[in-house]
Amino acid sequence: MTGRVIVITSGKGGVGKTTTSANIGTALAKEGYKVVLIDTDLGLRNLDLLLGLENRIVYTIVDVIEERCKLRQALVKDKKNPNLQLLAAAQTRDKSAVNADQLREICEKLKEENDFVLVDCPAGIEQGFQNAVAGASEAIVVTTPEMSAIRDADRIVGLLGPKEEIESCKLIINRVRPSLIKSNEMMSVEDVLGILEIPLVGVIPEDTGIITSTNKGEPIVNDEEALAGKAYRNVAQRILGEEVPFLDLDEPKGFVAKIKNAFAKWKAKV
Amino acid sequence: MEKGFVENGFIIDLSNTKNTTQLVFELSTIMEHPDVKGKRICLKLGGLDLKQSQLLSIKALIESMDAEIAFIDTTSEQTDASAVSLGIIVSKLDANTVVPSYKAENTEIKEETVEIKEESEEVSTETQNSEEKVIEIHADSELNNETNPINTVLDIEDTYSEETTQELSEIIPSEHFDNDFESLAMNEGLISKEEISKYILLDTGEVLPEGAEENTIDTKTLPTLYLSQTLRSGQTVNYEGNIFIVGDAHPGSEIVADGDITVWGILGGIAHAGAKGNITSKVRALKLNAIQLRIAGLYARRNDTLNVPYVQKTNEFTPEEAQIEEGKIVIYKKLRRD
């Protein structure tokens, strides 16, 4: 078995890389695929918290690299789904404890036994980013509809372009607020795509449920009701190669809403 | 006639003072005396009515001189109530208590003592056993017999009949009483033994570092690292002995000791006591909330049901102590005395 190694990156911090990794990983595992999530954010690890696995971590990726344990020992199984495993980052070390070759080697080993290896990349474009990207053959760039995030995502796409091993580079637009887009206060999905010009793999609406799910250590894809959860499940489907229409994020259209919308557009023109 | 005994104690008689201002003045004068440092003070307050806040300031004044209140003696109901609410022990020294004269051999101290007497006419204790720095209080029979039952375990720890005390204080070091205290407190129901599933053992296999073997070295013989700081996420403390931290250990921090780990604060990170295989090592904290508890080769994770996203700041503490018993990690909880 040769799995796919996908790096989830963004350049800018706080746009939702880790949330995206946790949710796509969980969604793919729910579909029955064997998934390993690698947290490469050494010293600032969060992925274990989002999955609620912090209390189970005994060995980290640094222990594997420094040969204090076997790779198999360091993989932490998810509470609910044994298909999902986590390779945690070391909290007490920094990015220099790992180099690109070591990470590439770990990815090679993991993809032999798993369908998907998702690498959660740290913010920035320094060594942590270079390490995370090293073993990957695909990339998912996460951005939000804000100029700063888009500028950084653009930088990342530019850095990924020359890398031969990265075969595809796709985009997730996170924290989209349809109401703001409608009133022309937020950039629309089309605007973002127009700037970045890479294929879209998901649009995730802003959802307050993310906050509670993060604090509980329970990815939002496990919540059947939540819109963000549904959006992440759709992303997983698209990664698996299925054609899934993008969610209609528009709120129900009433007469008043239409008027408001028209008014907003008119205002923007003036 | 039995004789009462308070180890390293000191009676300060303030029962003649007429108001709080005078009391505080007298007390501060006495407290300036170098001999008072480190002593356990028995305060005679007479009939003066003290509010909780006033008693608290008196307590703070005494503690600022590195001394502590062993108990107070008062005839006022209000002071009594204030003391109870502050957790200060109220005990009765009989009115007829014979106040012994000060018989120190060191003349210098004697002079100073006399000076105090002149200033405030009421200090007064004690036959000093100068070699052991143990001061006896000769109280009459009322102090320790049935009419004045010993209310608390703390009293028991400090008060013995003279006969045994003299022997004990010579032969047995003070740690001896720790164990007694534990068993006494257990009988009194002050400590409950818990084997609840607050922590669940992890199936980690062999985790001791290479060359390390299980051992039972007395952790009291190990050196101790004393730290006064907050440990934050990502910070590690590693020491070949015991570690004592005054402060919190936040989640994401790691404390690794060859001996015991004591956190005078909230322990939220990983604590590994006896990391080189010492199975007698213990982990204690004012609030034991570690994400993982490790003692020697046993690793336990916090139960998922106790999901605490972050250290919860609180004024309610139940000190806990974890140790290995029969291949399991057992947590002892000290309950509040209500």
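Residues numbered from 1 in each chain as written. Chains lettered and ligands numbered in written order. Predicted model: local features only at pLDDT ≥ 70, side-chain atom pairs only at ≥ 80, totals over all residues. Heavy atoms only, no water.

Participant: Tell me about helix 10 (residues 209–216) of chain A, and name the residues and values.
Facilitator: Residue and element names in this part refer to chain A. Within the span of helix 10, buried status applies to Gly209, Ile210 and Ser213. Buried residues of helix 10, seen end-on, are gathered within an arc of 100° and therefore sit on one face of the element. On its buried face, helix 10 is in contact with helix 1 (17–30) and helix 11 (227–239). Looking one or two residues past helix 10, Gly217 carries a phi angle of roughly 75°, positive in sign. (Buried < 20%, exposed > 50% of the residue type's maximum accessible area, 1.4 Å probe, protein only. Helix = DSSP H or I, 4+ residues; strand = E, 2+ residues; numbered from the N terminus. Arc of directions from axis to C-beta. Contact = heavy atoms within 4.5 Å.)

Participant: Give a description of the environment of Leu208 of chain B that names residues and reports values.
Facilitator: Residues and elements named next belong to chain B. Considering the arrangement of structural elements, one finds Leu208 in the loop between strand 7 (199–201) and strand 8 (224–227). What makes Leu208 buried here is its relative accessible area of 15%. Along the sequence, Leu208 and Leu298 sit 90 residues apart, while their C-alpha atoms lie 9.2 Å from each other.

Participant: Give me the lowdown on empty space enclosed by the protein, citing residues and values where you can.
Facilitator: Residues and elements named next belong to chain A. With the rule as written, the count across this model stands at five cavities of 30 Å³ or more. Here the second largest cavity defines a volume of roughly 60 Å³. Along the walls of the second largest cavity sit Arg4, Ile6, Glu138, Ala139, Ile140, Ser168, Lys170, Val201, Arg238 and Ile239, which together make up its complete lining. If you list the elements that add at least two residues to the lining of the second largest cavity, you get strand 1 (4–9), strand 6 (138–143), strand 7 (168–176) and helix 11. Tallying contributions element by element places strand 6 first for the lining of the second largest cavity, with three residues. (1 Å grid on protein atoms, 1.4 Å probe; cavity = no way out; pocket = protein on both sides within 12 Å on 5 of 7 lines; lining within 4 Å. Points joined across faces, edges and corners; volume = space filled by probe spheres on them.)

Participant: Summarise the packing of helix 1 of chain A against helix 11 of chain A; cite the residues concerned and give the values.
Facilitator: Residues and elements named next belong to chain A. For the pair helix 1 and helix 11, the least separation of the axes is 9 Å and the interaxial angle reads 65°. Our classification of the angle between helix 1 and helix 11 gives roughly perpendicular. The element helix 1 and its partner helix 11 pack so that their crossing is right-handed. Residue-level contacts link Thr19, Thr20, Asn23, Ile24, Ala27 and Leu28 of helix 1 to Tyr232, Arg233, Val235, Ala236 and Ile239 of helix 11. (Axes fitted to C-alpha atoms, helices over the stretch in contact; angles between N-to-C directions. Parallel < 35°, antiparallel > 145°, perpendicular 65-115°, else oblique. Left-handed = near helix turned anticlockwise from the far one by under 90°.)

Participant: An account of the sheet that holds strand 2 (residues 35–39) of chain A is needed here, citing residue identities and associated values.
Facilitator: All names here are of chain A. The mixed open sheet is built from eight strands, whose spatial order is 3-4-2-5-1-6-7-8. Only two strands of the sheet have a single partner each, and these edge strands are strand 3 (75–77) and strand 8 (200–205). Recorded for the sheet is a direction-independent mean angle of 20° between the axes of neighbouring strands. The pairing of strand 6 with strand 7 spans six bridges and is classified as parallel. Each residue of the ladder has a partner; that of Ile140, found in strand 7, is Lys170. (Pairing = 2+ DSSP bridges.)

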